[in-house]
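Listed here are the chains, written in short residue letters.
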Amino acid sequence: MSEYKDKILRVCNNSSKNTMMETLEIEYVDVGEDFLIAKMPVTPKVHQPDGVLHGGAMVALAESVGSMASYIFLNAEEYFVRGIEISANHVKSIREGFVFAKATFIHKGRTTQVWDIKITNEEQQLISVCKLTTIALPKK
């Protein structure tokens, strides 16, 4: 499993080159049979003016990890994956360190998928709860 896991994470991280994920320094760090985890550093470049992590950066992290999870858990050779709705509840602020986003399925349909994405800090304290709906569109 370790070799398979390393390959998946390498593919995920290589796909981030020259994208917003690279700009935000999002890194995919763990994958299992039903989850994907990414981390993002909390630095001034993702802060609001008052020095805490910007909610938009958390939403970008959540959509990135949920969409990538759809990509790896569906047949990516046959489908494009697109986010169609996201909601977020930010429950705690953070000024520095790392945040981790873990995406797990709520619903794994053939066309739509619904993801629960919990964003936590390094002490596993909940920072944000997000729900993402993705759609799998056939490649033609």
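About the cut-offs
- Residues numbered from 1 in each chain as written.
- Predicted model: local features only at pLDDT ≥ 70, side-chain atom pairs only at ≥ 80, totals over all residues.
- Heavy atoms only, no water.
- Pairing = 2+ DSSP bridges.
- Helix = DSSP H or I, 4+ residues; strand = E, 2+ residues; numbered from the N terminus.
- Axes fitted to C-alpha atoms, helices over the stretch in contact; angles between N-to-C directions.
- Contact = heavy atoms within 4.5 Å.
- Buried < 20%, exposed > 50% of the residue type's maximum accessible area, 1.4 Å probe, protein only.
- Expected span 1.5 Å × (residues − 1).
- Arc of directions from axis to C-beta.
- Core = buried A, V, L, I, M, F, W, Y, C linked by side-chain atoms within 4.5 Å.
- Salt bridge = Lys/Arg side-chain N within 4 Å of Asp/Glu carboxyl O.
- Phe/Tyr/Trp six-rings, centres within 6.5 Å; stacked < 30°, edge-to-face > 60°.
- Lys NZ or Arg CZ within 6 Å of the ring centre and 35° of its normal.

Residue-level account of the sheet that holds strand β3 (residues 79-90), with values.
Strand order across the open sheet formed by six strands is β1-β2-β4-β5-β6-β3, with antiparallel pairing between neighbours. The strands lining the two open edges of the sheet, one partner per strand, are β1 (27-31) and β3. The sheet shows a mean angle of 25° between the axes of neighbouring strands, taken without regard to direction. Examined bridge by bridge, β3 and strand β6 (residues 126-138) share 11 bridges and lie antiparallel to one another. By the bridge assignment, S87 is partnered in β6 with K131. Together, β1 and β2 (35-42) form the strand contacts of helix α1 (residues 2-14), whose direction differs from that of β1 by roughly 155°. Each of β1, β2, β3, β4 (97-108), β5 (112-120) and β6 is contacted by helix α3 (residues 55-73), which is oriented at about 145° to β3, the strand it contacts most.

Give a description of the side chain of T120 that names residues and reports values.
For T120, the location among the structural elements is in strand β5. A relative accessible area of 18% places T120 in the buried class. With sequence-adjacent residues up to four places away left out, T120 is seen in contact with F98, V99, F100, Q125, L126 and I127.

Tell me about α1, and name the residues and values.
Helix length check: α1 (13 residues) gives 18 Å between terminal C-alpha atoms against 18 Å at 1.5 Å per residue, within 8%. Looking only at α1, the buried set comprises I8, L9 and C12. Buried residues along α1 cover an arc of 95° about the axis, so they all sit on one side. Seen from the buried face of α1, the exposed residues on the opposite side, beyond 90 degrees, are E3 and K7. In this fold, the buried residues of α1 make contact with β1, β2 and α3.

Before we move on, could you go through the nonpolar core and cite the residues and values that matter?
In terms of nonpolar packing, the biggest core is built from 33 residues, with Y28, L53, V99, I117 and I119 touching the most fellow members. Those elements that provide at least two residues to this core are α1, β1, β2, α3, β4, β5 and β6.

So what's going on with the pattern of salt bridges? Which residues, and what values?
Enumeration over the complete set of coordinates arrives at three salt bridges. Notably, a salt bridge pairs K45 with E25, separated by 2.9 Å at the nearest N-O pair. In this pair, K45 sits in the loop between β2 and α3 while E25 sits in the loop between α2 (20-23) and β1, placing the two residues 20 residues apart along the sequence. Assessed through its relative accessible area of 53%, K45 is described here as exposed.

Talk me through the packing of aromatic side chains; I want residue IDs and the actual numbers.
One pass over the structure, following the stated rule, counts three aromatic pairs. Relative to W115, the ring of F105 lies with its centre 3.8 Å away and its plane at 25°, an arrangement referred to as stacked. Taken together, the positions of F105 in strand β4 and W115 in strand β5 put the pair 10 residues apart, joining distant regions of the chain. The exposure class assigned to F105 is partly exposed, which follows from its relative accessible area of 22%. Here W115 falls in the buried class, since its relative accessible area comes to 0%. By the ring-pair criterion, three or more aromatic residues cluster together here, those being F73, F105 and W115. Seen from the ring of F80, K139 lies directly overhead, with NZ or CZ sitting 5.3 Å from the centre.

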